[in-house]
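Here's the letter readout for the chains.
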Amino acid sequence: MDGIIIQARTGSTRLPGKILLPFYGKKRIVDIQIESIRAACPGMCIVLATTTRSQDDALAEMAQQSGIACYRGSEDDVLGRFIGAAEYFGIDRLIRVCSDNPFLRADTFRRLFETHDKRPADYVAFGWPDGRPTIKSHIGLFAELTTLDALRRAASLTGERLYHEHVTIYLYTHPETFSVELLPLPAELEHRQDLRFTLDTSDDFMLLSNLYADWYEGTDRSLPALLQTVDARPEYLARMKENIKRNEK
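For the structure given in this document, a descriptive report is provided here. Treat the numbers as computed from the prediction; the structure is a model and nothing was measured.

Criteria and thresholds
- Throughout, residues of each chain are indexed from 1 in the direction in which the sequence is written.
- pLDDT decides what is reported in this predicted model: residues at 70 or higher carry local features, side-chain atom pairs at 80 or more are listed and counted, and totals for whole chains, interfaces and linings draw on all residues regardless.
- Here the side-chain values reflect all heavy atoms present in the structure, with hydrogen atoms and water set aside.
- Helix and strand definitions follow DSSP, with helices as H or I runs of at least four residues and strands as E runs of at least two, each counted in order from the N terminus.
- Between buried and exposed lies partly exposed: a residue is buried under 20% and exposed over 50% of the maximum accessible area for its type, with that area taken using a 1.4 Å probe on protein chains only.
- Between N-to-C directions, angles cover 0 to 180 degrees, with each direction set by a line fitted to C-alpha atoms, over the stretch in contact for helices.
- Relative orientations are named as follows: roughly parallel for angles under 35 degrees, roughly antiparallel for angles over 145 degrees, roughly perpendicular for angles from 65 to 115 degrees, and oblique for any other angle.
- With the far helix as reference, a near helix turned anticlockwise by less than a right angle produces a left-handed crossing, and one turned clockwise produces a right-handed crossing.
- The contact criterion used is simple: two residues touch if any of their non-hydrogen atoms lie within 4.5 Å.
- Charged means Asp, Glu, Lys or Arg here, nonpolar means Ala, Val, Leu, Ile, Met, Phe, Trp, Tyr, Cys or Pro, and polar covers whatever is left, Gly included.
- Grouping buried Ala, Val, Leu, Ile, Met, Phe, Trp, Tyr and Cys residues that are joined through side-chain atoms within 4.5 Å yields what is termed a nonpolar core.
- Throughout this description, the term salt bridge denotes a Lys or Arg side-chain nitrogen within 4 Å of a carboxyl oxygen of Asp or Glu.

### A few points about unusual backbone geometry
Here's step 1: Phi is positive for arginine 221, close to 65°, though the residue is something other than glycine.
Here's step 2: Its location among the elements puts arginine 221 in the loop between helix H8 (202-218) and helix H9 (223-231).
Here's step 3: Taking the relative accessible area as the measure of exposure, arginine 221 reaches 38% and is therefore partly exposed.

### Describing the packing of H8 against H9
Here's step 1: Following both chains from N to C, one finds H8 and H9 inclined at 125°, their axes separated by 10 Å at the closest point. The orientation of H8 with respect to H9, classified from their angle, is oblique. Here H8 and H9 pass one another in a crossing that is right-handed. Contacts between H8 and H9 involve Leu211, Asp214 and Trp215 from the first element and Ala225, Leu226, Thr229 and Val230 from the second.
Here's step 2: Considered class by class, the residues forming the contact of H8 with H9 number five nonpolar, one polar and one charged.

### Some words on the nonpolar core
Burial of nonpolar side chains together is a common tendency in soluble globular proteins.
Here's step 1: Within the largest apolar cluster, 58 residues are counted, with the highest numbers of intra-cluster contacts made by Phe109 and Phe197.
Here's step 2: Per-element tally for this core: the top contributor is H8, with seven residues.

### Overview of the pattern of salt bridges
Here's step 1: Summed over the entire model, instances satisfying the criterion amount to 25 salt bridges.
Here's step 2: As a salt-bridge pair, arginine 152 and glutamate 87 come within 3.1 Å of each other at their nearest N and O atoms. One end of the pair, arginine 152, is in helix H5 (residues 148-157); the other, glutamate 87, is in helix H3 (residues 78-89), with 65 residues separating them in the sequence.
Here's step 3: Its relative accessible area of 42% is what places glutamate 87 among the partly exposed residues.

Quick look at the structure:
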(Lines give C-alpha, C1' and ligand atoms only; values in the text may rest on other atoms or scores of the structure.)
Protein backbone atom coordinates (compact mmCIF):
# COMPACT_ATOMS: atom_id res chain seq x y z
CA MET A 1 0.00 0.00 0.00
CA ASP A 2 1.05 3.58 -0.64
CA GLY A 3 1.00 6.19 2.11
CA ILE A 4 2.07 9.64 3.22
CA ILE A 5 3.96 9.92 6.52
CA ILE A 6 4.27 13.36 8.13
CA GLN A 7 7.19 13.71 10.53
CA ALA A 8 6.29 15.93 13.50
CA ARG A 9 7.22 16.73 17.09
CA THR A 10 6.79 19.71 19.40
CA GLY A 11 10.34 19.61 20.78
CA SER A 12 11.99 21.82 18.18
CA THR A 13 14.99 23.59 19.74
CA ARG A 14 14.68 26.76 17.68
CA LEU A 15 10.90 27.24 17.88
CA PRO A 16 9.26 24.78 20.30
CA GLY A 17 5.66 23.86 19.48
CA LYS A 18 5.74 25.56 16.08
CA ILE A 19 3.54 22.87 14.58
CA LEU A 20 0.72 23.76 17.00
CA LEU A 21 0.82 27.53 16.42
CA PRO A 22 -1.89 29.17 14.27
CA PHE A 23 -0.16 29.92 10.97
CA TYR A 24 -2.93 31.26 8.72
CA GLY A 25 -6.14 32.26 10.42
CA LYS A 26 -6.85 29.40 12.80
CA LYS A 27 -5.03 26.86 10.64
CA ARG A 28 -1.78 25.27 11.75
CA ILE A 29 0.87 24.26 9.22
CA VAL A 30 -0.10 20.61 9.45
CA ASP A 31 -3.77 21.50 8.81
CA ILE A 32 -2.69 23.19 5.59
CA GLN A 33 -0.54 20.20 4.64
CA ILE A 34 -3.33 17.68 5.27
CA GLU A 35 -5.78 19.69 3.16
CA SER A 36 -3.25 19.89 0.34
CA ILE A 37 -2.40 16.18 0.50
CA ARG A 38 -6.06 15.14 0.56
CA ALA A 39 -6.76 17.28 -2.51
CA ALA A 40 -3.77 15.86 -4.40
CA CYS A 41 -4.02 12.22 -3.24
CA PRO A 42 -7.65 11.54 -2.29
CA GLY A 43 -8.21 8.40 -0.25
CA MET A 44 -4.53 7.79 0.46
CA CYS A 45 -3.44 6.79 3.96
CA ILE A 46 -1.94 9.76 5.84
CA VAL A 47 0.00 9.09 9.04
CA LEU A 48 1.36 11.59 11.55
CA ALA A 49 4.56 10.06 12.96
CA THR A 50 5.39 11.67 16.28
CA THR A 51 7.18 10.70 19.48
CA THR A 52 6.15 8.87 22.63
CA ARG A 53 6.96 11.90 24.81
CA SER A 54 4.04 13.30 26.80
CA GLN A 55 4.53 16.74 25.25
CA ASP A 56 3.51 15.22 21.91
CA ASP A 57 0.16 13.99 23.24
CA ALA A 58 -1.23 17.18 21.68
CA LEU A 59 -0.04 16.03 18.26
CA ALA A 60 -1.72 12.64 18.65
CA GLU A 61 -4.92 14.44 19.59
CA MET A 62 -4.55 16.76 16.61
CA ALA A 63 -4.19 13.77 14.27
CA GLN A 64 -7.37 12.25 15.69
CA GLN A 65 -9.26 15.54 15.24
CA SER A 66 -7.99 15.79 11.67
CA GLY A 67 -9.11 12.26 10.83
CA ILE A 68 -5.66 10.93 10.02
CA ALA A 69 -3.70 8.05 11.52
CA CYS A 70 -1.04 8.51 14.17
CA TYR A 71 2.04 6.50 15.07
CA ARG A 72 4.26 7.21 18.07
CA GLY A 73 7.87 6.12 18.27
CA SER A 74 11.36 7.18 19.27
CA GLU A 75 12.17 10.89 19.33
CA ASP A 76 15.81 10.35 18.35
CA ASP A 77 15.60 7.26 16.10
CA VAL A 78 13.37 8.83 13.48
CA LEU A 79 14.35 6.18 10.94
CA GLY A 80 13.04 3.54 13.35
CA ARG A 81 9.90 5.62 13.87
CA PHE A 82 9.21 5.65 10.12
CA ILE A 83 9.83 1.93 9.80
CA GLY A 84 7.44 1.31 12.71
CA ALA A 85 4.76 3.56 11.21
CA ALA A 86 4.99 1.92 7.80
CA GLU A 87 4.89 -1.58 9.28
CA TYR A 88 1.97 -0.78 11.60
CA PHE A 89 -0.21 0.63 8.83
CA GLY A 90 0.90 -1.75 6.08
CA ILE A 91 2.61 0.90 3.95
CA ASP A 92 5.14 -0.49 1.46
CA ARG A 93 5.84 2.72 -0.46
CA LEU A 94 5.75 6.10 1.22
CA ILE A 95 6.23 9.79 0.77
CA ARG A 96 7.98 11.49 3.68
CA VAL A 97 6.72 14.96 4.58
CA CYS A 98 8.42 17.41 6.96
CA SER A 99 5.86 19.22 9.09
CA ASP A 100 7.68 22.56 8.88
CA ASN A 101 6.95 23.17 5.18
CA PRO A 102 3.74 25.24 4.84
CA PHE A 103 4.21 25.70 1.08
CA LEU A 104 4.55 21.97 0.40
CA ARG A 105 3.57 21.17 -3.20
CA ALA A 106 1.51 18.04 -2.67
CA ASP A 107 0.50 18.30 -6.32
CA THR A 108 3.94 16.85 -7.14
CA PHE A 109 3.35 13.63 -5.19
CA ARG A 110 1.74 11.86 -8.12
CA ARG A 111 4.84 12.51 -10.19
CA LEU A 112 7.00 10.86 -7.52
CA PHE A 113 4.75 7.79 -7.50
CA GLU A 114 4.58 7.65 -11.32
CA THR A 115 8.37 7.95 -11.59
CA HIS A 116 8.76 5.10 -9.11
CA ASP A 117 6.28 3.01 -11.11
CA LYS A 118 8.51 3.38 -14.18
CA ARG A 119 11.88 3.27 -12.41
CA PRO A 120 11.48 1.65 -8.96
CA ALA A 121 14.44 3.27 -7.20
CA ASP A 122 15.01 3.16 -3.45
CA TYR A 123 14.84 6.95 -3.28
CA VAL A 124 12.96 9.35 -5.56
CA ALA A 125 12.99 13.12 -5.10
CA PHE A 126 13.47 16.41 -6.88
CA GLY A 127 17.07 17.50 -7.17
CA TRP A 128 19.18 20.57 -7.90
CA PRO A 129 21.37 20.79 -11.02
CA ASP A 130 24.41 20.02 -8.82
CA GLY A 131 22.93 16.64 -7.85
CA ARG A 132 21.68 17.49 -4.36
CA PRO A 133 18.17 16.35 -3.40
CA THR A 134 15.97 19.27 -2.34
CA ILE A 135 15.89 18.01 1.27
CA LYS A 136 19.51 19.27 1.48
CA SER A 137 18.38 22.84 0.90
CA HIS A 138 16.04 25.50 2.28
CA ILE A 139 13.47 25.28 -0.53
CA GLY A 140 10.82 23.47 1.55
CA LEU A 141 8.48 22.81 -1.39
CA PHE A 142 8.98 19.11 -2.10
CA ALA A 143 8.78 15.74 -0.38
CA GLU A 144 10.68 12.48 -0.93
CA LEU A 145 9.60 8.96 -1.85
CA THR A 146 11.12 5.77 -0.51
CA THR A 147 10.08 2.24 0.43
CA LEU A 148 9.79 0.29 3.64
CA ASP A 149 12.29 -2.20 2.24
CA ALA A 150 14.88 0.54 1.62
CA LEU A 151 14.43 1.98 5.13
CA ARG A 152 14.79 -1.47 6.70
CA ARG A 153 17.99 -2.09 4.75
CA ALA A 154 19.41 1.28 5.78
CA ALA A 155 18.64 0.57 9.44
CA SER A 156 20.35 -2.81 9.19
CA LEU A 157 23.49 -1.31 7.64
CA THR A 158 24.21 1.50 10.10
CA GLY A 159 23.77 2.35 13.74
CA GLU A 160 25.24 5.84 13.35
CA ARG A 161 23.15 8.50 15.05
CA LEU A 162 23.17 10.82 12.02
CA TYR A 163 21.53 8.22 9.81
CA HIS A 164 18.88 7.35 12.37
CA GLU A 165 18.01 10.98 13.15
CA HIS A 166 17.60 11.84 9.45
CA VAL A 167 15.37 9.28 7.79
CA THR A 168 16.58 9.23 4.19
CA ILE A 169 20.13 10.57 4.35
CA TYR A 170 21.77 7.12 4.27
CA LEU A 171 19.92 6.31 1.06
CA TYR A 172 21.04 9.24 -1.07
CA THR A 173 24.57 9.39 0.38
CA HIS A 174 25.22 5.73 -0.48
CA PRO A 175 24.33 5.44 -4.19
CA GLU A 176 26.57 2.39 -4.46
CA THR A 177 24.10 0.52 -2.23
CA PHE A 178 20.78 2.27 -2.91
CA SER A 179 19.31 3.32 -6.24
CA VAL A 180 18.58 7.05 -6.39
CA GLU A 181 16.35 8.85 -8.90
CA LEU A 182 16.43 12.66 -8.86
CA LEU A 183 13.89 14.57 -10.92
CA PRO A 184 14.73 17.98 -12.40
CA LEU A 185 13.21 20.97 -10.66
CA PRO A 186 10.74 23.21 -12.48
CA ALA A 187 12.79 25.56 -14.69
CA GLU A 188 11.85 28.63 -12.67
CA LEU A 189 13.46 27.09 -9.56
CA GLU A 190 16.67 25.64 -10.98
CA HIS A 191 18.88 28.54 -9.93
CA ARG A 192 16.88 29.89 -6.98
CA GLN A 193 19.23 29.16 -4.10
CA ASP A 194 17.99 32.41 -2.55
CA LEU A 195 14.60 31.00 -1.51
CA ARG A 196 13.69 29.63 1.91
CA PHE A 197 10.20 28.21 2.42
CA THR A 198 11.05 25.90 5.30
CA LEU A 199 10.32 27.03 8.84
CA ASP A 200 12.70 26.68 11.79
CA THR A 201 12.71 29.94 13.73
CA SER A 202 10.29 32.59 14.96
CA ASP A 203 11.54 34.91 12.21
CA ASP A 204 10.78 32.23 9.61
CA PHE A 205 7.33 31.84 11.13
CA MET A 206 6.46 35.54 10.90
CA LEU A 207 7.88 35.93 7.41
CA LEU A 208 6.25 32.83 5.95
CA SER A 209 2.93 33.48 7.67
CA ASN A 210 2.73 36.92 6.03
CA LEU A 211 3.91 35.55 2.69
CA TYR A 212 1.35 32.75 2.82
CA ALA A 213 -1.51 35.21 3.39
CA ASP A 214 -0.34 37.38 0.45
CA TRP A 215 -0.01 34.36 -1.85
CA TYR A 216 -3.15 32.51 -0.74
CA GLU A 217 -5.46 35.51 -0.82
CA GLY A 218 -4.09 37.38 -3.81
CA THR A 219 -3.03 34.79 -6.41
CA ASP A 220 -4.05 31.52 -8.10
CA ARG A 221 -1.84 29.70 -5.51
CA SER A 222 0.46 28.27 -8.16
CA LEU A 223 4.23 27.90 -7.88
CA PRO A 224 4.91 30.72 -10.38
CA ALA A 225 2.58 32.97 -8.37
CA LEU A 226 4.50 32.14 -5.19
CA LEU A 227 7.79 33.14 -6.79
CA GLN A 228 6.24 36.32 -8.20
CA THR A 229 4.90 37.20 -4.74
CA VAL A 230 8.35 36.82 -3.21
CA ASP A 231 10.12 38.70 -5.98
CA ALA A 232 7.63 41.57 -5.77
CA ARG A 233 8.56 42.12 -2.11
CA PRO A 234 12.32 42.77 -1.81
CA GLU A 235 12.05 42.72 1.99
CA TYR A 236 10.81 39.09 1.86
CA LEU A 237 13.76 38.05 -0.29
CA ALA A 238 16.25 39.93 1.88
CA ARG A 239 15.00 38.19 5.03
CA MET A 240 15.05 34.79 3.32
CA LYS A 241 18.69 35.29 2.34
CA GLU A 242 19.51 36.34 5.89
CA ASN A 243 17.77 33.28 7.34
CA ILE A 244 19.54 30.98 4.89
CA LYS A 245 22.88 32.26 6.21
CA ARG A 246 21.79 31.81 9.82
CA ASN A 247 20.46 28.29 9.31
CA GLU A 248 22.97 26.80 6.92
CA LYS A 249 22.20 23.15 6.14
